[in-house]
Amino acid sequence: MRTTDPIKKSEDVEKLLDFYLNEDNFNLRNYLLIAVGLFTALRISDILLLKWSDVITKEGCIKNRITVKEKKTKKTNAIAVNNGLFKAFELYLSQAWEKPEGYIFKGRSGEKPLHRTQAYRIVKTAASSLNSEGNISCHSLRKTVGYHLYLNDASPILLMSVYNHSSFEITKRYLCITQYEKDEAFNNLSYT
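Residues numbered from 1 in each chain as written. Predicted model: local features only at pLDDT ≥ 70, side-chain atom pairs only at ≥ 80, totals over all residues. Heavy atoms only, no water.

Check the secondary structure of the protein chain and you find 10 helices and 2 strands. Ordered by position from N to C terminus, the α and β elements of the protein chain give α-α-α-α-β-β-α-α-α-α-α-α. If you line up the protein chain on its principal axes, its C-alpha atoms span 55 × 40 × 35 Å. Taking the contacts inside the protein chain whose residues are at least 6 apart along the sequence as the reference set, 60% of them involve residues at least 24 apart. Here the protein chain contributes 28 positive and 21 negative side-chain charges, whose respective centroids are spaced 10 Å apart. (Helix = DSSP H or I, 4+ residues; strand = E, 2+ residues; numbered from the N terminus. Contact = heavy atoms within 4.5 Å. Lys, Arg positive; Asp, Glu negative; His and termini not counted. Charge placed at Lys NZ, Arg CZ, Asp CG, Glu CD.)

Quick look at the structure:
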């Protein structure tokens, strides 16, 4: 079984995020799916089960935080809705022709959530536009969040909390830190 890799280059993350906003591939649902993955670090199984009531208040406003009981761990996870995610929800809602209800990412029937196989195809199609090496899949979205938090000096404890991991060893493996990146860290070490 191949492991999934994070998307390490910021410009590749931006390309992936914008793929379904360009004229040739325009699809706001698919754009929102990738945005939710890149801004929440949720597993695809939890993203697909999100309902509009998880995101929108009864008054119709986008919530400041999404609270999810994770399917795999059964742990509750609360994620702040940052500006990037807020804009993605706002864009989708501005184009919606009906009152959003039920699952955010509906499948063909309109009643059930999108199947994870279709979510995989959505991500793989967008990933094909990247010059990125490695295996990119739905889980790459989750790994990408942690990798970029790590690059922005997030503490190990914070990263463990983001992923609900029980040990930092799991988190270290998860982030796919390479020998080159460790070398760079040492080469850039300075005390002046």
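Below, the discussion takes up unusual backbone geometry. You will see that Lys 74, though not glycine, has its phi angle at about 65°, which is positive. Note that Lys 74 resides in the loop between strand S1 (65–69) and strand S2 (76–80). The backbone phi angle of Asn 164 is positive, close to 60°, even though this residue is not glycine. By the secondary structure assignment, Asn 164 is in the loop between helix H8 (156–163) and helix H9 (168–175).

Looking now at the packing of aromatic side chains. Enumeration over the complete set of coordinates arrives at 5 aromatic pairs. Arranged with centres 4.9 Å apart and planes meeting at 90°, the rings of Phe 19 and Tyr 20 form a pair that is edge-to-face. Relative accessible area serves as the criterion here: at 6%, Tyr 20 is assigned to the buried category. A centroid spacing of 6.3 Å and a plane angle of 45° characterise the contact between Tyr 147 and Tyr 150, whose relative ring orientation is tilted. You can see Tyr 147 and its partner Tyr 150 sitting in helix H7 (residues 138–151), 3 residues apart, about one turn around the helix. Ring-pair connections join several aromatic residues into one group, and the members of that group are Trp 52, Phe 89 and Tyr 92. Across from the ring centre of Tyr 174, 5.1 Å away, lies the NZ or CZ of Lys 143, which sits over that ring. (Phe/Tyr/Trp six-rings, centres within 6.5 Å; stacked < 30°, edge-to-face > 60°. Buried < 20%, exposed > 50% of the residue type's maximum accessible area, 1.4 Å probe, protein only. Lys NZ or Arg CZ within 6 Å of the ring centre and 35° of its normal.)

Here the focus is the nonpolar core. If you look at the biggest cluster of nonpolar residues, it comprises 42 residues, and the most contacted ones within it are Leu 16, Ile 34, Phe 89 and Phe 105. Going through the elements one at a time, helix H1 (10–18), helix H2 (28–40), helix H3 (44–48), helix H4 (52–55), S1, helix H5 (83–95), helix H6 (116–127) and H7 are the ones with two or more residues in this core. Sorting elements by how many residues they give to this core places H2 first, with 8 residues. Residues within four places of Leu 16 in sequence aside, it is in contact with Ile 7, Ile 34, Leu 38, Val 123, Ala 126, Ala 127, Leu 130 and Leu 141. Within the second largest apolar cluster, 8 residues are counted, among which are Ala 41, Val 162, Tyr 163 and Tyr 174. (Core = buried A, V, L, I, M, F, W, Y, C linked by side-chain atoms within 4.5 Å.)

With respect to the helices and strands, the residue Glu 70 is situated in the loop between S1 and S2. A polar atom in the side chain of Glu 70 sits 3.3 Å from the side chain of Arg 43. Excluding residues within four positions of it along the chain, Glu 70 makes contact with Leu 42, Arg 43, Asp 46, Lys 75, Asn 77 and Asn 164. (Polar contact = N/O pair within 3.5 Å; in protein donor to acceptor, adjacent residues only side chain to side chain.)

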